[in-house]
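Structural overview for review
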Amino acid sequence: EANVIGTLRASGYTKGELVRHYLATPMIVVLVSAIVGNILGYTCFKDFAVKAYYGSYSLPTYKTIWNADAFIKTTVVPLIILFVINLVMLVNKLSLSPLKFLRRDLKKRQKKKAFKLNTRIGILKRFRLRVIFQNIPNYITVFVGILFANVIIFFGLGMKPMLLHYQDIIEDNMISKYQYVLKKDMGYNPKQIAIGNAYWDNEATRDAAYQFFKGLPYVEAVSSANSTPISGYSGSMIHSESGQALFSCRSSYFMREDFPALMGMTMKTGRMARDKEEVVVNETFAEMMRWGDDVVGRTVYTEGNTFKVVGQLKDFQIESFRTEKMPFIARGNKNFYGTVHVRLKEPFTENLQKLNHDVAEAFHDQTIDFTGYEKRIENSYNSVRVFRNATLMAAVTMFFIMLMGLIGYTTDEVRRRSKEIAIRKVNGAEASGILEMLSRDILVVAAPAVVIGTVLAWYVNGMWMEQFAERIHISWAVYVLVVMANLVIIVACVLWKSWRIANENPVNSIKSE
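As the structure is a prediction and not an experimental result, all values here were calculated from the model.

Rules behind the numbers
- Residues numbered from 1 in each chain as written.
- Predicted model: local features only at pLDDT ≥ 70, side-chain atom pairs only at ≥ 80, totals over all residues.
- Heavy atoms only, no water.
- Helix = DSSP H or I, 4+ residues; strand = E, 2+ residues; numbered from the N terminus.
- Buried < 20%, exposed > 50% of the residue type's maximum accessible area, 1.4 Å probe, protein only.
- Contact = heavy atoms within 4.5 Å.
- Areas by Shrake-Rupley, 256 points an atom, 1.4 Å probe, with all protein chains shown as cover.
- 1 Å grid on protein atoms, 1.4 Å probe; cavity = no way out; pocket = protein on both sides within 12 Å on 5 of 7 lines; lining within 4 Å.
- Points joined across faces, edges and corners; volume = space filled by probe spheres on them.
- Nonpolar A, V, L, I, M, F, W, Y, C, P; charged D, E, K, R; others polar.
- Core = buried A, V, L, I, M, F, W, Y, C linked by side-chain atoms within 4.5 Å.
- Expected span 1.5 Å × (residues − 1).
- Salt bridge = Lys/Arg side-chain N within 4 Å of Asp/Glu carboxyl O.
- Phe/Tyr/Trp six-rings, centres within 6.5 Å; stacked < 30°, edge-to-face > 60°.
- Lys NZ or Arg CZ within 6 Å of the ring centre and 35° of its normal.
- Bend = angle between axes of the 7 residues up to and from the residue.
- Pairing = 2+ DSSP bridges.

Summing up its helical and strand segments, the protein has 17 helices and 13 strands in all. In the protein, buried positions account for 40% of the 513 residues. Considering only residue pairs separated by 6 or more positions, the protein has 77% of its internal contacts joining residues 24 or more positions apart. As displayed, the protein offers around 29300 Å² of accessible surface, 61% of which is attributable to carbon and sulfur atoms.

Another point: empty space enclosed by the protein. Overall, the coordinates contain two cavities of 30 Å³ or more when judged by the stated rule. Estimated volume of the second largest cavity: approximately 60 Å³. Lining of the second largest cavity is provided by Y139, Y409, T410, E413, V414, R417, L438, D441, I442, V494 and S498. Counting residues per element, the ones that place at least two in the lining of the second largest cavity are α13 (382-416), α15 (431-465) and α16 (476-503). Broken down by class, the residue content of the lining of the second largest cavity amounts to six nonpolar, two polar and three charged.

A few words on the nonpolar core. Of all hydrophobic cores here, the largest spans 27 residues; its most connected members are V142, I146, L406, I421, L438, I442 and I490. Listing elements by their share of this core, those giving two or more residues are α7 (136-169), α13, α15 and α16. Examining the composition of this core, we find that ten residues originate from one element, α15, more than from any other. Once residues within four sequence positions are removed from consideration, V142 is found in contact with L406, Y409 and V445. Judged by nonpolar contacts, the second largest core, of 24 residues, contains M263, A273, V310 and I318.

Let us now look at the environment of L40. Mapped onto the fold, L40 is located in helix α2 (residues 15-42). The exposure class of L40 is partly exposed, given its relative accessible area of 31%.

So, about helix α11 (residues 348-362). Here α11 is 15 residues long and its end C-alpha atoms lie 21 Å apart, about the 21 Å a rise of 1.5 Å per residue gives. Each element contacted by the buried residues of α11 is listed here: β3 (193-198), α8 (203-215), β12 (338-344) and β13 (371-372).

Following the sequence through the fold, L443 ends up in helix α15. The class for L443 is partly exposed, based on a relative accessible area of 29%. The sequence separation of L443 and V491 amounts to 48 residues, and the corresponding C-alpha distance is 7.6 Å. Those residues in contact with L443 that sit more than four places away from it in its chain are P448, L487 and V491.

What follows is about the pattern of salt bridges. Scanning the model with the defined rule gives ten salt bridges in all. The residue R256 makes a salt bridge to D258 at a minimum N-O spacing of 3.4 Å. Assessed through its relative accessible area of 14%, R256 is described here as buried.

Another aspect to go through is the packing of aromatic side chains. Evaluation of the coordinates by the stated rule reveals 17 aromatic pairs. Seen from their ring centres, W200 and F336 are 5.7 Å apart, and the 15° between their planes marks the pair as stacked. Here the residue W200 occupies a position in the loop between β3 and α8, and F336 occupies one in the loop between β11 (328-332) and β12, the gap between them amounting to 136 residues. This pair shows no difference in class: W200 is buried, exactly as F336 is. Pairing F316 with F328 gives two aromatic rings, centres 5.1 Å apart and planes at 75°, and the pair type is edge-to-face. Highlighted residues: F316 in the loop between β10 (305-313) and β11 and F328 in strand β11, separated in sequence by twelve residues. With respect to burial, F316 and F328 carry one shared label: buried. Among the aromatic side chains, those forming a connected cluster through ring pairs are W200, Y210, F212, F213, F336, F363 and F370. Its end group placed over the ring of Y337, R206 keeps NZ or CZ at 4.4 Å from the ring centre. Lying across the ring of Y210, R256 places its NZ or CZ 4.3 Å from the centre.

As a further point, take α2. In this model, α2 (28 residues) spans 40 Å end to end at C-alpha, consistent with the 40 Å of a helix rising 1.5 Å per residue. Within α2, the axis deviates most sharply at A24, by approximately 25°, and proline P26 lies no more than four positions further along. L18, V19, Y22, L23, M27, A34 and N38 are the residues of α2 that are buried. Buried residues along α2 sit against α1 (2-10) and α4 (68-93).

Most of β11 is tucked away: five of the five residues are buried. Taking every second residue as pointing to the same face, both faces of β11 are buried, with F328, A330 and G332 on one and I329 and R331 on the other. Across four bridges, the pairing between strand β6 (residues 245-255) and β11 is parallel. Each bridged residue has a counterpart across the sheet, and for S251 the counterpart in β11 is I329. Pairing geometry for strand β8 (residues 278-282) and β11, over three bridges, is antiparallel. Across the sheet, V279 pairs through a bridge with R331, a residue of β11.

Okay, structure coming up:
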């Protein structure tokens, strides 16, 4: 609105009146946006945050309250920043004379002389190069914006195939909206298992507790062990016969003989340990000890004790799929305590409620809370899912911010070059040629930014996937397709904003000058 401001200044309007006028509009827009944002944040979008927190933490029932600190950071601070920036820019620009506004010469510094280009370069190429050099600050802004947005977009979109891969591993069994059942072989069967921690002081009470669980009509099988695969177990150092430390392994300090059968684990050779002097190991443990197929009968030295290997379990997944295969050792124990594992009959949810009710009535001296094993598995991926959702939202937000910046830049560029476009049309240029010229100028900046952003996104995706034991490789075709889609969207925005000026009567543009 340079011409309008110049006319108003020449007509006697003061700088203060113009500052207040042009400061009011953006402040009102942001204030209304902040109010609407607060209302939506406390109503419609509240559930998203609630699900994210409840998915990651065990929290009591929440109550929605107004948060003054959040209000200051999300509403007051942005308003102050906007006010200061607009005020400084308006005061700075309005210090120019009305004549400069009427001439649309809004720069305080004198224009630098155009530096010489080699005359061997064609006149059209020299003209385009001068346009680029004269707008380097704008091009840098566009380049950095597209680059950063592209990295976030690719990172967010690149996570989707990886998470779809894990959704092929874990499938919704409709017990609840986010309850998952593993389809991929974990080395054990978590379906219909409930676990809870319980301890009894002597052998008699332990046997009575075992008979209690076994006698429940909705229980198929029951056993116990020190910890459980999804929890990860404790660590133990394995030594050689001479006492030299060899490696650290995961260890279950006590495990009943019927535990592997209840969990659906497979015994590769030998049998399950029956007393405290016997142990079973997994395949990874035997490989690290270089025992080959001759495992049963070997001796293991750990924590100052000597144990006899009586069996070998097939490898099973310890913790989540983000964890590499680990050596494992389990000591035998006939006692019933620790982490109690119960396999329930169908319907699982109803029987789990019955189990917790009956256990609460039978054991008043301790709190034993049983939860579904599949729920434990789902919870181990909560941080990944929450991070996925946040990243996808950030990617979508950054994409729209990039488009808004691109539209604003294109609008300013078209307005700045309106006389040039009009003269080109007077000299016979077609609308298609004008659109091609503007699109080409944007692509000179956008294409390198998108390519560099894609490479950075590929690198960041690779680092992020390092946390998973099982990884997938996203095909290069996916990156190529997204690059092409980004460039098509960018060009579409340029064409959309340039269409009117490219097709209007050039007399209008020249007359306005």
